[in-house]
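Summary of structural features
The chain contents come next:
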Amino acid sequence: MSRVLVLNVGSSSVKYSVFDGDDRLDTGLTERVTDHAAAIRALAAHFEDPALTAIGHRVVHGGTRFSAPTLIDGTVEAAIRDLIPLAPLHNPANLAGIEVARALRPDLPQVAVFDTAFHRTIPEAAATYAIDAAVAAEHGIRRYGFHGTSHRYVSRRTAALLGWPFAELNTIVLHLGNGASATAVRGGVSVDTSMGLSPLEGLVMGTRPGDLDPAIPGHLHRAGLTPDEVEELLNRRSGLFGLAGISDMRDLLASPAPEAALAFDVYCHRIRKYVGAYHAVLGRLDAIAFTAGVGENSAVVRAAVLAGLEPLGIEIDAALNEVPSRQARIISPAGARIAVCVVPTDEELEIAAQTRSVLTA
Ligand SMILES: Nc1ncnc2c1ncn2[C@@H]1O[C@H](COP(=O)(O)OP(=O)(O)O)[C@@H](O)[C@H]1O
Ligand SMILES: CC(=O)OP(=O)(O)O
Ligand SMILES: [Mg+2]
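Cut-offs used in this document
- Residues numbered from 1 in each chain as written.
- Chains lettered and ligands numbered in written order.
- Predicted model: local features only at pLDDT ≥ 70, side-chain atom pairs only at ≥ 80, totals over all residues.
- UniProt positions renumbered as here; feature names shortened; annotations may be inferred.
- Helix = DSSP H or I, 4+ residues; strand = E, 2+ residues; numbered from the N terminus.
- Near = placed C-beta within 6 Å.
- Nonpolar A, V, L, I, M, F, W, Y, C, P; charged D, E, K, R; others polar.
- Domains from an automatic or database assignment.
- Contact = placed C-beta atoms within 7 Å.

Looking at an unreviewed UniProt entry, one finds the protein chain named Acetate kinase, with Longispora fulva as its source organism. Annotation of the protein chain in UniProt includes, under Subunit (unreviewed entry), the sentence "Homodimer." Here is the UniProt Pathway (unreviewed entry) comment for the protein chain, exactly as written: "Metabolic intermediate biosynthesis; acetyl-CoA biosynthesis; acetyl-CoA from acetate: step 1/2."

Encoded structure:
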């Protein structure tokens, strides 16, 4: 039996799990992380297990080069490093995880599982930005999409929950964590997603704005901010934090400040827009799945996002929505045309399976 340690280093959290096959032997979560390298080093004891056979890593940006899980060597590590400008909150932290793992267990194979991989199926019409085609080609400017490991896992779990073949179900997955993204999944395949070249586009997040008028960065630059200051503003001082000074949804919901109420409204309005857009992209919509920290735990957010969408066939049962549970579950009324579900993501389980698939291939 192969034993795999998985590291999932996100923008605000570090998660690890140890699996024997699909059995989770151990798991842990550090939240509200600012120093990722220190949070990873604190896990050193978990790397020492002599029964480990591999280490699997979540890596956020894989560019066009990686569409499958990949055994990490110096060349792969350099490629992940080259993509840092496109994922400045994530790829450095993912590399820190790889470096700590290599230092502690040079004897073990390490595998990278990329957030971008699931989205390599997005059609050109959705992946192409309407700018000068030669400039876009020269600079690799296209929609890559992120959280793909989660969108893949959750869309498959949603099909299992509903008893539908994965290859026939059309789903909108709303991954609402510190980073957040929406994906339209048609028959098991990602056909559009809200994050783009980088994990900045789309939904409002803890510290990132999501969609913006593209004039804004240039306007701020001409007003005196350096390009690095604009990047910093957009990655770390926007989103819920920019609007209300609070990036964590639990704290935002507990705040009585009017800025917090506005931030909540902006956050939910943006998600609603994407639900409508992806309903149109899919044509026939069968299911909406809420996942990740906010999506799994906040009944208030789920209710606000979908309120008033009954004319689209989208409805939540208020009592079912409020039931606290860690299980995948349906929260739409019995007989609803579109199933609304809460489906806990498990990026670590998916990364462990993909890690094993590389080593047994
Ligand atoms: N009970 C809850 N109610 C509302 N939000 C929650 C709850 N539990 C966690 N969250 C939110 O989930 C977000 C973190 O989600 P998570 O998926 O763990 O993040 P990451 O993007 O770092 O992986 C935070 O904004 C946190 O406040
Ligand atoms: C891609 C991304 O935003 O990831 P996270 O939600 O972990 O920050
Ligand atoms: Mg996450």
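Having seen the structure, we can now continue with the description.
**Here we look at unusual backbone geometry**
Even without a glycine there, the phi angle at His 147 is positive, about 55 degrees. Relative to the helices and strands, His 147 is located in the loop between helix H6 (133-139) and helix H7 (148-162).

**What about the site of ligand 1?**
In the vicinity of ligand 1 lie 17 residues, with Gly 10, Gly 177, Asn 178, Gly 293 and Asn 297 positioned nearest. Broken down by secondary-structure element, the contributors of at least two residues to the shell around ligand 1 are helix H11 (249-254) and helix H13 (292-297). When residues of the shell around ligand 1 are assigned to their parent elements, the largest contribution, four residues, is made by H13. Residue classes in the shell around ligand 1 are distributed as four nonpolar, 11 polar and two charged. Looking at which domains feed residues into the shell around ligand 1, each of domain 1 (3-136) and domain 2 (163-342) gives three or more.

**Re the site of ligand 2**
Neighbouring ligand 2 are the residues Gly 10, Ser 11, Val 60, His 90, Asp 115, Phe 146, His 147, Gly 177, Asn 178, Gly 179 and Pro 199. Two domains each provide a minimum of three residues to the shell around ligand 2, namely domain 1 (3-136) and domain 2 (163-342).

**Examining the domain arrangement of the protein chain**
Partitioning the protein chain into domains gives domain 1 (3-136) and domain 2 (163-342). One C-alpha centre belongs to domain 1, the other to domain 2; they are set 23 Å apart. Each partner contributes to the interface: domain 1 provides 16 residues, whereas domain 2 provides 15 residues. Looking at side-chain class alone, the side of domain 1 that touches domain 2 contains nine nonpolar, six polar and one charged residues.

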